[in-house]
Structure formats: C-alpha cells, structure tokens
Amino acid sequence: MIFNKTNYNLSHKRTEALSDMAAYYADTYCPAPSPVYPHIIAEALELPYTLNDYGGSFDGYLENKYGNFHAFLHVKGTDNLYSPRVRFSFAHELGHFIIDEHRNALLNPSTPAHGSSASLDSHFEVEREADIFAACLLMPEDRLRKDLLLKNTRKPCIASLITEISLKYQISFTAAMLRFLHLDYYPVMIVCSQHNKLKWLRYSEDFPFRSLHLGPGNQIPELSCAGEYFADGTKYQGKTETVFAEDWFILFNNSDRRRELKEYCIYQESLNQVMSLIWES
Ligand SMILES: [Zn+2]
C-alpha cells in the first residue's frame, strides 16, 4: 500500500499558499529577468548571514538568539552565494524566517535548534514546507509557466524539460523536479528508493496510477529501471527508458497493462538510492 507514512504530499492549498508567498518575495526583491538570489532578499529583510565550512553537519541553520535571527550556510571548496546548493539552502532557511508558523515556532524557547540538510526528502512537515518554499522562491510560478508555455508540445520529454529548467534557474535537477511536480503542468510521479525498498513517493494529483507493485518489505518492482539497478547494478544514466504500467503499478483494469510510461533515474550511489521520475508518454 502506498497510503502510509511514505506518502508526503502536502495539501494543494498549502502548496499554493507557499508558492504565492515565495513569488511575492522573488518578484519584490529580484524581479525577472534577474535570477533569484536569496542573499539579496535576506539583506533587504535585514537577516544577517554567515558562510563557512561547518564540516557538513548541516547545509543551513537558522539561529534565534533572543529574537534576533541569523542564518548560517555551510560552504565547501569553491561554493559561494551563487552556487545552486548554497542558494537552495539559503532559500530554505529564508522559508523558516518568512513563514509565520515556522518563525513563531523558532521564537518559542522550547523549540529545539535545528539544522537543515538539502536532501529534499525530510520526514518533517516543516522541512518539507521550507523545501517547497525554497523551490518556489528560486523558480517562481509565473516565470516557470511562461517558459513552459514556449515549449508546449503534446508529448514532452519531461526529463529534458526539467534539465532545461535546472540549467536556466541554476538549481539541481532534483530541486527542479520537485518544483515541476508542484506546478501541476504535466502529471508525474517521483519514487525514491533506497536499498531496494520504497523510501518515499510524491505525485501530481492527476497522475493516473497510485498503487505501487511492491514486493515483500516494500521491495521495488524488479522490472522497473530502479529495480534493475538494485538487482544487478544496471544504470540508465542520463537516459529516458520506456517501461509499462504493469512494471510499476498494481492495475485494476487489464487494458492499462501495456500503457507506456517513461522512467528517468537519478542515481545517488553513495546512499544506494535511486530517484525515479515517471510520466506517461
Ligand atoms: Zn529546515
């Protein structure tokens, strides 16, 4: 079953509210065609920040000292305020600073201090909200829709579209993929699997299938590209593969079995993790 704790879809209404809030800050402080730079917004909002190599214990951290906030950003090597990872972490911390509920929670002395990592797969709702805020801030809805309108084709290659978005907005493919999903432009599902088991999944409201065809212990379907990676290490790096609906999903209608889907995998070998982006072609 998929309707368990691995399904972290936020409500549509909440996502919209976060997107509108992020767009307001992006358009006020970094109007198009400028890219959105979180440090410009932080300076305008008088939120001080420090960049340093913190040894990787966090990507970003928002400190509250007696009502005074300060953002700390982890940088390594040649990272700077313009690097995709740092921009995303900074935008995430700005989310905690700007979203009323987060800010109020941080002002409460009983809230534990928190560092955030830009893993995009947090189990905690506030972290998920800050990630969505960050993605919407760096890729504001109107700008993105305008770009996608120009590329309107009937059967788009979603992986190529997301690659273009990630390059234009200088953001990681994973962050662009998350943003694309929340835009509801084209129905997609993202399945994150680790050690051959389902870790989490997210999907557009109108994605046609829901129930993953999982094996014992939430094992990933063998005939999926992700399943192949866990079975024998096969990788389709940078390639979009065709799979069938029956490879991934429990189907209730025989005629759905051979519906063609596309799967594009992002491999995170150090974590033994695969993210599958799935859409119907
Ligand atoms: Zn956070």
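To start, this report covers the structure provided alongside it. Keep in mind it's a predicted model, so treat the numbers as computed, not measured.

1. Topic: the side chain of Arg-179
Position of Arg-179 relative to the elements: it lies in helix H8 (residues 173–183). Put simply, Arg-179 is tucked away with no salt bridge, and the nearest opposite charge, on Glu-141, sits 4.4 Å away. Not counting the four nearest positions on each side in its chain, Arg-179 is found in contact with Ser-19, Ala-135, Cys-136, Met-139, Pro-140, Glu-141 and Leu-144.

2. Some points on the nonpolar core
Side chains of a nonpolar character, in soluble globular proteins, are inclined to be buried together. In terms of nonpolar packing, the biggest core is built from 58 residues, with Leu-94, Leu-137, Ile-158, Phe-180 and Leu-277 touching the most fellow members. The dominant element in this core, judged by the number of residues it contributes, is H8, at eight residues. Each of domain 1 (12–140) and domain 2 (144–280) gives at least three residues to this core. In this structure, Phe-180 is in contact with Leu-148, Ile-158, Leu-161, Ile-162, Ile-165, Tyr-185, Tyr-186 and Val-188, ignoring residues within four places of it in sequence.

3. Section: helix H9 (residues 225–232)
Among all positions in H9, only Cys-225, Ala-226, Gly-227, Tyr-229 and Phe-230 are buried. Contacts made by the buried residues of H9 are with strand S5 (188–194), strand S7 (240–244), helix H10 (245–248), strand S8 (260–268) and strand S9 (273–280). Phi turns positive, to about 80°, at Gly-233, one or two residues after H9.

4. A closer look at the packing of aromatic side chains
All chains considered together, the criterion is met by 17 aromatic pairs. Pairing Phe-207 with Phe-249 gives two aromatic rings, centres 5.9 Å apart and planes at 55°, and the pair type is tilted. With Phe-207 in the loop between strand S6 (197–203) and H9 and Phe-249 in the loop between H10 and S8, the pair connects residues that are 42 residues apart, well separated along the chain. When the ring centre of Phe-97 is taken as reference, the NZ or CZ atom of Arg-103 above it lies at 4.5 Å. The ring of Trp-200 is capped by Arg-202, whose NZ or CZ atom sits 4.1 Å from the centre of that ring.

5. A few points about unusual backbone geometry
What you tend to see is this: most non-glycine residues have negative phi, and most peptide bonds are trans. Here the bond from Ala-32 into Pro-33 is cis, since omega is 5°, no more than 30 degrees from zero. With respect to the helices and strands, Pro-33 occurs in the loop between helix H1 (12–29) and helix H2 (38–44). Despite not being glycine, Gln-170 has its phi angle at roughly 50°, a positive value. Mapping Gln-170 onto the fold places it in the loop between helix H7 (158–168) and H8.

6. Digging into the pairing of S6
Burial runs high along S6: five of the seven residues are buried. Strand direction decides the pairing type here: S5 and S6, joined by six bridges, are antiparallel. Across the sheet, residue Met-189 finds its bridge partner in S6, namely Tyr-203. The antiparallel pairing of S5 with S6 creates a hairpin that spans two residues between the two strands, and His-195 there sits at a positive phi of about 50°.

7. Comments concerning the pairing of strand S3 (residues 68–74)
The side chains of a regular strand alternate between the sheet's two faces. Counting buried residues in S3 gives six out of seven residues, a clear majority hidden from the surface. Sheet analysis places strand S2 (residues 60–65) next to S3, joined by six bridges and oriented antiparallel. Considered in S3, the bridge of Glu-63 is made with His-70.

Conventions and cut-offs
Residue numbering note: each chain is counted from 1, following its sequence as written. Thresholds applied to this predicted model are a pLDDT of at least 70 for local features of residues and 80 or more for the giving and counting of side-chain atom pairs; totals over whole chains, interfaces and linings are not thresholded and use all residues. Side-chain metrics in this entry use all non-hydrogen atoms of the structure; hydrogen atoms and water are not considered. The numbering of helices and of strands both runs from the N terminus, where a helix is a DSSP run of H or I of at least 4 residues and a strand a run of E of at least 2. The buried label goes to any residue with under 20% of its type's maximum accessible area, the exposed label to any with over 50%, and the partly exposed label to all in between, with areas taken from a 1.4 Å probe on protein chains only. Note that His is not counted, nor are the chain ends; the positive residues are Lys and Arg, and the negative ones are Asp and Glu. The working definition used for a salt bridge is a side-chain nitrogen of Lys or Arg within 4 Å of a carboxyl oxygen of Asp or Glu. By definition in these notes, contact holds between two residues if any of their heavy atoms fall within 4.5 Å. For the purposes of this section, nonpolar cores are sets of buried Ala, Val, Leu, Ile, Met, Phe, Trp, Tyr and Cys residues that join through side-chain atoms within 4.5 Å. An automatic or database domain assignment provides the domain bounds reported here. Only Phe, Tyr and Trp rings take part, Trp by its six-membered ring, and two of them pair if their centres are within 6.5 Å. Stacked means planes under 30 degrees apart, edge-to-face means over 60, and tilted covers everything else. The rule for a charge over a ring is simple: NZ of Lys or CZ of Arg within 6 Å of the ring centre, and within 35 degrees of the ring normal. Two strands form a pair only when DSSP identifies at least two bridges running between them.

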